[in-house]
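Structural characterization, general
What follows is each chain in one-letter form.
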Amino acid sequence: MKKNRKFHIQTFGCQMNERDSETIAGLLSKMGYSVTAERKEADVAVINTCSVREHADKRFFGTLGQLKKIKEARPDFVVCVCGCMMQQRHITDVIKTKYPWVDVIFGTHNIHELPVLLEEGEKEKENRTLFKKNGIMERGKGLISVWENGEDIVEDLPSSRLYRHKAFVNIIYGCNNFCTYCIVPYTRGRERSRKPADILNEVKKLAADGVKEITLLGQNVNSYKGITGSADVSHGETNNGKKHTDFADLIYMLQGTEGIERIRFMTSHPKDLSDKLIDAYKNCSKLCSAIHLPMQSGSNSILERMNRKYTKEQYMDLVAKLRIASPGICITTDIIVGFPGETEQDFQDTLDVIKKVCFDSAFTFIYSVRKGTPAEKYEDQIPEDIKHERFRRLVAAVNECSSIKNAAYEGRKEMVLVDGPGKKDPGKLAGRTEGYKLVDFEGPLSLQGEFVYVDITKSNTFSLTGELDISHV
Ligand code: SAH
Ligand code: SF4
Ligand code: F3S
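The following refers to the structure shown. Being a predicted model, the structure only gives us computed values, none of them experimental.

**A word on the sheet that holds strand β20 (residues 438–441)**
- Ordered by their spatial adjacency, five strands build a closed barrel running β18-β19-β20-β22-β21, and the pairing between neighbours is mixed. Taken pair by pair, the neighbouring strands of this sheet meet at an average axis angle of 50°, ignoring direction.
- Where strand β19 (residues 429–432) lies against β20, four bridges are found, and the strand directions are antiparallel. From the neighbouring strand, Leu-429 faces β20, where its bridge partner is Phe-441.

Given below as C-alpha coordinates:
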(Lines give C-alpha, C1' and ligand atoms only; values in the text may rest on other atoms or scores of the structure.)
(Ligands and ions follow the chains in the order given, each with its own letter.)
Protein backbone atom coordinates (compact mmCIF):
# COMPACT_ATOMS: atom_id res chain seq x y z
CA MET A 1 0.00 0.00 0.00
CA LYS A 2 1.19 3.51 -0.81
CA LYS A 3 2.33 5.58 2.18
CA ASN A 4 0.22 8.32 3.78
CA ARG A 5 -3.09 7.13 2.43
CA LYS A 6 -6.06 9.02 3.79
CA PHE A 7 -9.72 8.28 4.39
CA HIS A 8 -12.84 10.39 4.77
CA ILE A 9 -16.14 9.18 6.22
CA GLN A 10 -19.50 10.90 5.86
CA THR A 11 -22.17 9.57 8.18
CA PHE A 12 -25.92 9.96 7.78
CA GLY A 13 -28.56 8.78 10.24
CA CYS A 14 -28.67 7.80 13.88
CA GLN A 15 -26.23 7.00 16.67
CA MET A 16 -25.95 3.37 15.48
CA ASN A 17 -24.46 4.67 12.26
CA GLU A 18 -22.20 7.08 14.12
CA ARG A 19 -20.95 4.21 16.22
CA ASP A 20 -20.46 2.05 13.10
CA SER A 21 -18.46 4.86 11.51
CA GLU A 22 -16.16 4.83 14.54
CA THR A 23 -15.54 1.14 13.84
CA ILE A 24 -14.94 1.83 10.14
CA ALA A 25 -12.46 4.57 11.11
CA GLY A 26 -10.80 2.14 13.53
CA LEU A 27 -10.46 -0.55 10.84
CA LEU A 28 -9.01 1.89 8.30
CA SER A 29 -6.57 3.33 10.86
CA LYS A 30 -5.39 -0.19 11.63
CA MET A 31 -4.76 -0.66 7.91
CA GLY A 32 -2.45 2.37 7.98
CA TYR A 33 -4.80 5.04 6.67
CA SER A 34 -5.11 8.38 8.43
CA VAL A 35 -8.23 10.51 8.62
CA THR A 36 -8.78 13.69 6.62
CA ALA A 37 -11.55 16.23 7.01
CA GLU A 38 -11.47 16.98 3.26
CA ARG A 39 -13.01 14.36 0.99
CA LYS A 40 -11.18 15.66 -2.07
CA GLU A 41 -7.87 14.84 -0.38
CA ALA A 42 -8.90 11.30 0.54
CA ASP A 43 -7.75 8.08 -1.12
CA VAL A 44 -10.76 6.24 0.27
CA ALA A 45 -14.16 7.90 0.78
CA VAL A 46 -16.80 6.08 2.80
CA ILE A 47 -20.45 7.09 2.90
CA ASN A 48 -22.41 5.48 5.72
CA THR A 49 -26.05 5.79 4.71
CA CYS A 50 -29.44 6.03 6.43
CA SER A 51 -32.76 5.05 4.91
CA VAL A 52 -35.23 6.07 7.58
CA ARG A 53 -36.93 8.70 5.42
CA GLU A 54 -36.95 9.45 1.72
CA HIS A 55 -35.05 12.68 2.26
CA ALA A 56 -32.08 10.65 3.57
CA ASP A 57 -32.05 8.52 0.38
CA LYS A 58 -32.11 11.62 -1.80
CA ARG A 59 -29.22 13.26 0.01
CA PHE A 60 -27.14 10.14 -0.47
CA PHE A 61 -27.68 9.99 -4.23
CA GLY A 62 -26.86 13.71 -4.43
CA THR A 63 -23.55 13.04 -2.64
CA LEU A 64 -22.74 10.12 -4.94
CA GLY A 65 -23.21 12.42 -7.91
CA GLN A 66 -20.58 14.79 -6.50
CA LEU A 67 -18.06 11.96 -6.07
CA LYS A 68 -18.06 11.22 -9.78
CA LYS A 69 -15.98 14.36 -10.45
CA ILE A 70 -13.26 13.31 -7.99
CA LYS A 71 -13.22 9.81 -9.49
CA GLU A 72 -12.83 11.21 -13.01
CA ALA A 73 -9.89 13.38 -11.93
CA ARG A 74 -8.27 10.61 -9.86
CA PRO A 75 -9.19 7.07 -10.98
CA ASP A 76 -7.38 5.66 -7.90
CA PHE A 77 -9.90 7.33 -5.61
CA VAL A 78 -11.87 4.54 -3.91
CA VAL A 79 -15.58 5.04 -3.19
CA CYS A 80 -17.14 2.80 -0.52
CA VAL A 81 -20.81 2.95 0.43
CA CYS A 82 -22.36 1.17 3.38
CA GLY A 83 -25.09 1.45 6.01
CA CYS A 84 -28.82 0.94 6.05
CA MET A 85 -29.56 1.85 2.43
CA MET A 86 -27.27 -0.94 1.24
CA GLN A 87 -29.41 -3.56 2.98
CA GLN A 88 -32.08 -2.95 0.35
CA ARG A 89 -31.73 -4.70 -2.97
CA HIS A 90 -33.57 -2.02 -4.95
CA ILE A 91 -30.97 0.51 -3.80
CA THR A 92 -27.87 -1.56 -4.60
CA ASP A 93 -29.40 -2.28 -8.02
CA VAL A 94 -29.68 1.46 -8.72
CA ILE A 95 -26.08 2.04 -7.58
CA LYS A 96 -24.77 -0.70 -9.84
CA THR A 97 -26.55 0.58 -12.92
CA LYS A 98 -26.46 4.34 -12.43
CA TYR A 99 -23.39 4.98 -10.30
CA PRO A 100 -20.67 2.67 -11.68
CA TRP A 101 -17.91 4.72 -10.01
CA VAL A 102 -18.79 3.11 -6.67
CA ASP A 103 -16.03 0.59 -5.86
CA VAL A 104 -17.18 -1.18 -2.72
CA ILE A 105 -20.64 -1.79 -1.28
CA PHE A 106 -21.11 -3.40 2.10
CA GLY A 107 -23.94 -3.59 4.61
CA THR A 108 -24.68 -3.12 8.29
CA HIS A 109 -23.86 -6.74 9.24
CA ASN A 110 -20.39 -7.09 7.72
CA ILE A 111 -18.50 -3.91 8.57
CA HIS A 112 -15.61 -6.10 9.74
CA GLU A 113 -15.17 -7.27 6.12
CA LEU A 114 -14.10 -3.80 4.95
CA PRO A 115 -10.33 -4.46 5.06
CA VAL A 116 -10.75 -7.62 2.96
CA LEU A 117 -13.03 -5.86 0.51
CA LEU A 118 -10.58 -2.99 0.08
CA GLU A 119 -7.64 -5.31 -0.40
CA GLU A 120 -9.53 -7.48 -2.88
CA GLY A 121 -10.55 -4.31 -4.69
CA GLU A 122 -6.90 -3.28 -4.97
CA LYS A 123 -5.80 -6.70 -6.23
CA GLU A 124 -8.51 -7.30 -8.74
CA LYS A 125 -9.13 -3.89 -10.21
CA GLU A 126 -9.67 -5.30 -13.71
CA ASN A 127 -11.74 -8.37 -13.02
CA ARG A 128 -13.64 -7.97 -9.82
CA THR A 129 -15.32 -10.97 -8.35
CA LEU A 130 -18.07 -10.46 -5.90
CA PHE A 131 -17.90 -12.71 -2.96
CA LYS A 132 -20.35 -13.15 -0.22
CA LYS A 133 -21.46 -15.21 2.70
CA ASN A 134 -25.18 -15.26 3.24
CA GLY A 135 -26.65 -12.60 1.00
CA ILE A 136 -26.31 -11.32 -2.52
CA MET A 137 -23.45 -12.79 -4.60
CA GLU A 138 -22.72 -11.27 -7.94
CA ARG A 139 -20.13 -10.35 -10.49
CA GLY A 140 -19.84 -6.80 -11.68
CA LYS A 141 -17.80 -3.64 -11.79
CA GLY A 142 -17.56 -3.00 -8.08
CA LEU A 143 -17.23 -5.31 -5.12
CA ILE A 144 -20.46 -5.90 -3.29
CA SER A 145 -20.88 -7.84 -0.11
CA VAL A 146 -24.12 -7.44 1.79
CA TRP A 147 -25.29 -9.94 4.37
CA GLU A 148 -29.01 -10.32 4.70
CA ASN A 149 -28.93 -10.74 8.46
CA GLY A 150 -26.50 -10.44 11.33
CA GLU A 151 -24.86 -13.64 12.46
CA ASP A 152 -22.79 -13.80 15.62
CA ILE A 153 -21.80 -10.44 17.02
CA VAL A 154 -18.20 -9.66 16.09
CA GLU A 155 -16.43 -8.38 19.21
CA ASP A 156 -13.18 -6.47 19.65
CA LEU A 157 -13.22 -4.48 16.43
CA PRO A 158 -11.02 -1.40 16.58
CA SER A 159 -12.70 1.96 17.01
CA SER A 160 -11.58 5.55 16.46
CA ARG A 161 -13.85 7.49 18.77
CA LEU A 162 -15.27 10.91 18.00
CA TYR A 163 -14.82 12.18 21.58
CA ARG A 164 -12.29 11.33 24.28
CA HIS A 165 -14.62 11.94 27.22
CA LYS A 166 -17.82 10.28 26.06
CA ALA A 167 -18.63 7.18 24.09
CA PHE A 168 -21.43 5.18 22.52
CA VAL A 169 -21.64 1.56 23.59
CA ASN A 170 -23.77 -0.85 21.57
CA ILE A 171 -25.69 -3.25 23.77
CA ILE A 172 -28.28 -4.64 21.37
CA TYR A 173 -28.36 -4.73 17.57
CA GLY A 174 -31.40 -4.97 15.31
CA CYS A 175 -35.11 -4.58 15.97
CA ASN A 176 -38.02 -7.02 16.29
CA ASN A 177 -40.82 -4.49 16.55
CA PHE A 178 -41.84 -3.87 12.96
CA CYS A 179 -43.59 -0.55 13.48
CA THR A 180 -45.54 -0.37 10.24
CA TYR A 181 -43.84 2.80 8.95
CA CYS A 182 -40.26 1.80 9.75
CA ILE A 183 -37.48 0.43 7.56
CA VAL A 184 -35.04 -0.30 10.41
CA PRO A 185 -36.04 -3.96 11.07
CA TYR A 186 -35.27 -4.65 7.40
CA THR A 187 -31.91 -2.87 7.42
CA ARG A 188 -30.62 -3.94 10.84
CA GLY A 189 -32.05 -7.45 11.16
CA ARG A 190 -33.39 -9.18 14.27
CA GLU A 191 -32.46 -8.32 17.85
CA ARG A 192 -29.11 -9.61 19.08
CA SER A 193 -27.89 -8.66 22.56
CA ARG A 194 -24.20 -8.48 23.39
CA LYS A 195 -22.99 -10.48 26.37
CA PRO A 196 -22.94 -8.49 29.64
CA ALA A 197 -19.30 -9.41 30.19
CA ASP A 198 -18.31 -8.05 26.77
CA ILE A 199 -20.15 -4.81 27.47
CA LEU A 200 -18.58 -4.49 30.91
CA ASN A 201 -15.10 -5.09 29.47
CA GLU A 202 -15.64 -2.42 26.85
CA VAL A 203 -16.92 0.07 29.43
CA LYS A 204 -13.96 -0.63 31.74
CA LYS A 205 -11.56 -0.04 28.84
CA LEU A 206 -13.35 3.18 27.94
CA ALA A 207 -13.13 4.37 31.54
CA ALA A 208 -9.41 3.57 31.64
CA ASP A 209 -9.11 5.63 28.47
CA GLY A 210 -10.65 8.70 30.13
CA VAL A 211 -14.30 8.29 29.14
CA LYS A 212 -16.67 9.79 31.72
CA GLU A 213 -20.03 9.40 30.03
CA ILE A 214 -21.42 6.41 28.17
CA THR A 215 -24.57 6.15 26.08
CA LEU A 216 -25.90 2.62 25.76
CA LEU A 217 -27.24 2.12 22.26
CA GLY A 218 -29.93 -0.01 20.69
CA GLN A 219 -33.11 0.45 18.65
CA ASN A 220 -34.94 -0.75 21.74
CA VAL A 221 -32.59 -1.02 24.70
CA ASN A 222 -35.48 -2.15 26.90
CA SER A 223 -35.56 -5.54 25.23
CA TYR A 224 -31.88 -6.17 26.02
CA LYS A 225 -31.46 -9.77 27.13
CA GLY A 226 -27.86 -10.67 27.80
CA ILE A 227 -26.90 -14.27 28.32
CA THR A 228 -24.11 -15.10 30.71
CA GLY A 229 -22.81 -18.13 32.49
CA SER A 230 -21.13 -16.06 35.11
CA ALA A 231 -23.12 -15.58 38.31
CA ASP A 232 -21.33 -12.40 39.35
CA VAL A 233 -22.80 -10.35 36.53
CA SER A 234 -26.29 -11.83 36.46
CA HIS A 235 -29.27 -10.72 38.47
CA GLY A 236 -31.77 -12.57 36.29
CA GLU A 237 -33.53 -15.92 36.48
CA THR A 238 -31.93 -19.12 35.40
CA ASN A 239 -33.28 -20.62 32.22
CA ASN A 240 -31.85 -23.88 30.88
CA GLY A 241 -28.76 -23.26 32.94
CA LYS A 242 -28.25 -19.88 31.30
CA LYS A 243 -28.67 -16.65 33.19
CA HIS A 244 -30.31 -13.61 31.72
CA THR A 245 -29.37 -10.04 32.41
CA ASP A 246 -32.08 -7.55 31.51
CA PHE A 247 -31.57 -3.88 30.73
CA ALA A 248 -32.07 -2.64 34.30
CA ASP A 249 -29.60 -5.31 35.56
CA LEU A 250 -27.10 -4.08 33.01
CA ILE A 251 -27.34 -0.50 34.30
CA TYR A 252 -26.84 -1.67 37.89
CA MET A 253 -23.83 -3.65 36.70
CA LEU A 254 -22.24 -0.76 34.79
CA GLN A 255 -22.96 1.72 37.58
CA GLY A 256 -20.04 0.20 39.51
CA THR A 257 -17.45 1.12 36.87
CA GLU A 258 -14.96 3.53 38.36
CA GLY A 259 -14.37 6.61 36.21
CA ILE A 260 -17.76 6.47 34.51
CA GLU A 261 -19.79 9.35 35.94
CA ARG A 262 -22.81 9.42 33.67
CA ILE A 263 -24.85 6.69 32.03
CA ARG A 264 -27.41 7.41 29.31
CA PHE A 265 -29.24 5.20 26.88
CA MET A 266 -31.24 5.34 23.69
CA THR A 267 -33.73 4.36 22.47
CA SER A 268 -36.33 3.10 24.82
CA HIS A 269 -39.64 1.70 23.49
CA PRO A 270 -42.59 2.64 25.74
CA LYS A 271 -44.14 -0.83 25.47
CA ASP A 272 -41.08 -2.39 27.15
CA LEU A 273 -40.27 0.28 29.74
CA SER A 274 -40.39 -1.75 32.94
CA ASP A 275 -41.00 -0.64 36.53
CA LYS A 276 -37.62 -2.16 37.29
CA LEU A 277 -35.97 0.26 34.88
CA ILE A 278 -37.96 3.18 36.31
CA ASP A 279 -36.69 2.13 39.77
CA ALA A 280 -33.13 2.27 38.46
CA TYR A 281 -33.56 6.05 38.20
CA LYS A 282 -34.02 6.06 41.99
CA ASN A 283 -31.19 3.68 42.76
CA CYS A 284 -28.45 4.46 40.27
CA SER A 285 -26.89 7.84 40.89
CA LYS A 286 -24.96 7.68 37.61
CA LEU A 287 -28.07 7.14 35.49
CA CYS A 288 -28.81 10.60 34.09
CA SER A 289 -32.22 12.03 34.81
CA ALA A 290 -33.20 12.03 31.13
CA ILE A 291 -35.07 9.72 28.80
CA HIS A 292 -35.81 9.69 25.09
CA LEU A 293 -39.17 7.98 24.87
CA PRO A 294 -40.59 8.06 21.34
CA MET A 295 -44.35 8.54 21.39
CA GLN A 296 -44.89 8.76 17.60
CA SER A 297 -48.58 9.71 17.94
CA GLY A 298 -51.09 10.62 20.64
CA SER A 299 -53.99 8.90 18.90
CA ASN A 300 -54.83 5.36 20.01
CA SER A 301 -56.10 4.30 16.60
CA ILE A 302 -52.97 5.60 14.86
CA LEU A 303 -50.75 3.97 17.49
CA GLU A 304 -52.51 0.70 16.76
CA ARG A 305 -52.05 1.07 13.01
CA MET A 306 -48.40 1.91 13.65
CA ASN A 307 -48.11 -1.37 15.62
CA ARG A 308 -46.68 0.47 18.62
CA LYS A 309 -48.52 -1.72 21.18
CA TYR A 310 -49.33 0.99 23.76
CA THR A 311 -52.04 3.59 24.17
CA LYS A 312 -51.90 7.32 24.79
CA GLU A 313 -53.03 6.63 28.39
CA GLN A 314 -50.29 4.05 28.97
CA TYR A 315 -47.72 6.46 27.58
CA MET A 316 -48.85 9.22 29.94
CA ASP A 317 -48.80 6.79 32.89
CA LEU A 318 -45.16 6.01 32.13
CA VAL A 319 -44.36 9.73 32.09
CA ALA A 320 -46.06 10.14 35.47
CA LYS A 321 -44.11 7.22 36.97
CA LEU A 322 -40.82 8.53 35.59
CA ARG A 323 -41.51 11.95 37.08
CA ILE A 324 -42.15 10.40 40.49
CA ALA A 325 -39.02 8.22 40.33
CA SER A 326 -36.81 11.02 39.03
CA PRO A 327 -38.27 14.46 39.73
CA GLY A 328 -37.39 16.99 37.03
CA ILE A 329 -36.42 14.25 34.56
CA CYS A 330 -35.96 15.61 31.01
CA ILE A 331 -38.28 13.77 28.67
CA THR A 332 -37.77 13.97 24.91
CA THR A 333 -39.64 12.18 22.17
CA ASP A 334 -40.13 11.44 18.46
CA ILE A 335 -43.40 12.33 16.74
CA ILE A 336 -44.58 11.47 13.24
CA VAL A 337 -47.26 13.56 11.59
CA GLY A 338 -49.34 12.56 8.57
CA PHE A 339 -49.29 8.79 9.06
CA PRO A 340 -51.83 7.13 6.69
CA GLY A 341 -55.40 7.58 7.94
CA GLU A 342 -54.51 10.37 10.42
CA THR A 343 -57.59 12.59 10.87
CA GLU A 344 -57.65 16.11 12.29
CA GLN A 345 -59.00 14.55 15.51
CA ASP A 346 -56.05 12.09 15.64
CA PHE A 347 -53.70 15.01 15.19
CA GLN A 348 -55.49 16.94 17.95
CA ASP A 349 -54.90 13.93 20.25
CA THR A 350 -51.18 14.23 19.52
CA LEU A 351 -51.23 17.98 20.32
CA ASP A 352 -53.12 17.17 23.51
CA VAL A 353 -50.41 14.78 24.78
CA ILE A 354 -47.70 17.27 23.84
CA LYS A 355 -49.40 19.93 25.95
CA LYS A 356 -50.08 17.60 28.87
CA VAL A 357 -46.61 16.04 28.99
CA CYS A 358 -44.79 19.25 27.97
CA PHE A 359 -41.75 17.55 26.44
CA ASP A 360 -38.31 19.08 26.92
CA SER A 361 -37.84 18.65 23.18
CA ALA A 362 -39.01 16.45 20.35
CA PHE A 363 -37.77 15.24 16.99
CA THR A 364 -40.66 15.85 14.63
CA PHE A 365 -41.07 14.04 11.33
CA ILE A 366 -43.41 14.13 8.36
CA TYR A 367 -44.41 10.55 7.56
CA SER A 368 -42.33 9.23 4.68
CA VAL A 369 -43.38 6.13 2.71
CA ARG A 370 -40.73 3.40 2.94
CA LYS A 371 -40.60 0.68 0.32
CA GLY A 372 -41.33 -2.75 1.72
CA THR A 373 -43.00 -1.60 4.97
CA PRO A 374 -46.67 -2.43 5.72
CA ALA A 375 -47.73 1.25 5.77
CA GLU A 376 -46.55 1.62 2.16
CA LYS A 377 -49.65 -0.38 1.18
CA TYR A 378 -52.09 1.64 3.30
CA GLU A 379 -54.51 3.34 0.94
CA ASP A 380 -55.42 6.37 3.02
CA GLN A 381 -52.14 8.25 2.54
CA ILE A 382 -52.38 11.89 3.64
CA PRO A 383 -51.98 14.62 0.98
CA GLU A 384 -48.68 16.52 1.18
CA ASP A 385 -50.26 19.91 1.89
CA ILE A 386 -52.17 18.57 4.91
CA LYS A 387 -49.03 16.83 6.22
CA HIS A 388 -47.05 20.07 5.96
CA GLU A 389 -49.77 22.15 7.54
CA ARG A 390 -50.01 19.76 10.51
CA PHE A 391 -46.23 19.65 10.73
CA ARG A 392 -46.11 23.44 11.17
CA ARG A 393 -48.62 23.25 14.03
CA LEU A 394 -46.75 20.31 15.56
CA VAL A 395 -43.42 22.16 15.55
CA ALA A 396 -45.03 25.27 17.07
CA ALA A 397 -46.54 23.19 19.91
CA VAL A 398 -43.27 21.36 20.58
CA ASN A 399 -41.21 24.55 20.54
CA GLU A 400 -43.58 26.21 22.98
CA CYS A 401 -42.99 23.33 25.41
CA SER A 402 -39.22 23.47 24.93
CA SER A 403 -39.22 27.21 25.69
CA ILE A 404 -41.28 26.69 28.85
CA LYS A 405 -39.04 23.84 30.03
CA ASN A 406 -35.83 25.72 29.27
CA ALA A 407 -37.05 28.94 30.93
CA ALA A 408 -37.23 27.04 34.24
CA TYR A 409 -33.43 26.69 34.11
CA GLU A 410 -32.74 30.43 34.27
CA GLY A 411 -30.99 31.25 37.53
CA ARG A 412 -30.00 27.62 38.20
CA LYS A 413 -26.49 26.27 38.59
CA GLU A 414 -25.98 23.20 36.38
CA MET A 415 -23.19 20.68 36.17
CA VAL A 416 -22.06 20.51 32.55
CA LEU A 417 -19.76 18.05 30.82
CA VAL A 418 -17.83 20.18 28.32
CA ASP A 419 -17.83 18.81 24.77
CA GLY A 420 -15.60 21.52 23.28
CA PRO A 421 -16.07 24.56 21.06
CA GLY A 422 -19.72 25.25 20.25
CA LYS A 423 -21.00 24.32 16.80
CA LYS A 424 -22.88 27.60 16.38
CA ASP A 425 -20.31 29.81 18.08
CA PRO A 426 -16.85 28.20 18.11
CA GLY A 427 -15.60 31.10 20.24
CA LYS A 428 -17.62 29.68 23.14
CA LEU A 429 -17.64 26.32 24.86
CA ALA A 430 -20.62 23.96 24.65
CA GLY A 431 -21.58 21.06 26.86
CA ARG A 432 -24.50 19.07 28.22
CA THR A 433 -26.34 19.06 31.51
CA GLU A 434 -27.42 15.83 33.14
CA GLY A 435 -30.77 16.25 31.33
CA TYR A 436 -28.85 16.55 28.03
CA LYS A 437 -29.62 20.24 27.62
CA LEU A 438 -27.12 22.06 25.45
CA VAL A 439 -25.38 24.93 27.29
CA ASP A 440 -23.01 27.49 25.80
CA PHE A 441 -20.71 29.69 27.85
CA GLU A 442 -17.33 31.44 27.73
CA GLY A 443 -14.34 29.47 28.99
CA PRO A 444 -10.90 28.10 28.12
CA LEU A 445 -10.61 25.17 25.71
CA SER A 446 -8.62 23.32 28.39
CA LEU A 447 -11.98 22.51 30.02
CA GLN A 448 -12.94 20.21 27.15
CA GLY A 449 -13.90 16.83 28.61
CA GLU A 450 -14.25 18.22 32.15
CA PHE A 451 -17.26 18.63 34.43
CA VAL A 452 -17.84 22.29 35.33
CA TYR A 453 -20.59 24.31 37.02
CA VAL A 454 -22.39 26.85 34.89
CA ASP A 455 -24.83 29.53 36.10
CA ILE A 456 -27.67 29.62 33.59
CA THR A 457 -28.35 33.22 32.63
CA LYS A 458 -30.61 32.86 29.60
CA SER A 459 -32.82 30.23 28.04
CA ASN A 460 -33.53 29.75 24.35
CA THR A 461 -35.87 27.30 22.58
CA PHE A 462 -33.11 24.80 21.81
CA SER A 463 -30.36 25.64 24.30
CA LEU A 464 -29.28 27.44 27.44
CA THR A 465 -26.68 30.17 27.85
CA GLY A 466 -24.64 30.58 30.99
CA GLU A 467 -21.57 31.78 32.84
CA LEU A 468 -18.82 29.50 34.06
CA ASP A 469 -18.65 29.31 37.85
CA ILE A 470 -14.93 29.79 38.30
CA SER A 471 -15.06 29.05 42.03
CA HIS A 472 -15.44 25.36 41.11
CA VAL A 473 -12.85 25.15 38.32
N1 SAH B 1 -35.77 2.68 17.44
C2 SAH B 1 -36.22 3.96 17.69
C3 SAH B 1 -36.31 4.89 16.50
C4 SAH B 1 -35.54 4.65 15.27
S5 SAH B 1 -35.92 5.64 13.90
C6 SAH B 1 -37.59 3.86 18.31
O7 SAH B 1 -38.28 2.92 18.13
O8 SAH B 1 -37.99 4.81 18.93
C9 SAH B 1 -36.02 7.27 14.58
C10 SAH B 1 -37.33 7.93 14.39
O11 SAH B 1 -37.57 8.15 13.01
C12 SAH B 1 -38.54 7.14 14.85
O13 SAH B 1 -38.76 7.22 16.21
C14 SAH B 1 -39.66 7.76 14.06
O15 SAH B 1 -40.23 8.84 14.75
C16 SAH B 1 -38.96 8.27 12.82
N17 SAH B 1 -39.34 7.49 11.64
C18 SAH B 1 -39.07 6.20 11.40
N19 SAH B 1 -39.60 5.83 10.22
C20 SAH B 1 -40.22 6.91 9.70
C21 SAH B 1 -40.95 7.17 8.50
N22 SAH B 1 -41.17 6.21 7.63
N23 SAH B 1 -41.43 8.42 8.30
C24 SAH B 1 -41.22 9.40 9.21
N25 SAH B 1 -40.54 9.22 10.35
C26 SAH B 1 -40.04 7.99 10.60
FE1 SF4 C 1 -38.37 1.28 13.89
FE2 SF4 C 1 -40.20 0.67 15.65
FE3 SF4 C 1 -37.94 -0.70 15.60
FE4 SF4 C 1 -37.93 1.80 16.43
S5 SF4 C 1 -38.97 0.09 17.42
S6 SF4 C 1 -36.51 0.88 15.01
S7 SF4 C 1 -39.48 2.76 15.16
S8 SF4 C 1 -39.50 -0.67 14.02
FE1 F3S D 1 -31.14 5.44 9.64
FE2 F3S D 1 -30.35 2.98 9.86
FE3 F3S D 1 -30.28 4.55 11.95
S4 F3S D 1 -32.10 3.67 8.70
S5 F3S D 1 -31.97 5.93 11.58
S6 F3S D 1 -29.09 4.79 10.13
S7 F3S D 1 -30.71 2.37 11.96
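**Considerations on the site of ligand 3**
- Residues in close proximity to ligand 3 include Cys-14, Asn-17, Cys-50, Ser-51, Val-52, Cys-84, Val-184, Arg-188 and Gln-219, which together make up its full environment.
- Looking at side-chain class alone, the shell around ligand 3 contains five nonpolar, three polar and one charged residues.
- Three or more residues apiece are contributed to the shell around ligand 3 by two domains, here domain 1 (6–146) and domain 2 (166–407).

**Some details on the sheet that holds strand β17 (residues 361–366)**
- One open sheet holds the three strands; their spatial order is β15-β16-β17, and the pairing between them is parallel. Looking along the sheet, the strands with just one partner apiece sit at the ends: β15 (290–292) and β17. Across the sheet, the mean angle from the axis of one strand to that of its neighbour is 10°, orientation sign disregarded.
- When β15 meets strand β16 (residues 330–337), the two strands line up parallel, connected through three bridges. Bridge pairing in β16 links Ile-291 to Ile-331.

**Notes on unusual backbone geometry**
- The peptide bond linking Met-266 to Thr-267 adopts the cis configuration, its omega dihedral lying at 5°.
- Inspection of the secondary structure puts Thr-267 in the loop between β14 (262–266) and α8 (275–283).
- In this structure, Phe-178 is a non-glycine residue whose phi angle is positive, near 50°.
- Structurally, the position occupied by Phe-178 is in the loop between β8 (172–173) and α5 (184–188).

Scoring rules and cut-offs
- Residues numbered from 1 in each chain as written.
- Chains lettered and ligands numbered in written order.
- Predicted model: local features only at pLDDT ≥ 70, side-chain atom pairs only at ≥ 80, totals over all residues.
- Heavy atoms only, no water.
- Pairing = 2+ DSSP bridges.
- Helix = DSSP H or I, 4+ residues; strand = E, 2+ residues; numbered from the N terminus.
- Axes fitted to C-alpha atoms, helices over the stretch in contact; angles between N-to-C directions.
- Near = heavy atom within 4 Å.
- Nonpolar A, V, L, I, M, F, W, Y, C, P; charged D, E, K, R; others polar.
- Domains from an automatic or database assignment.

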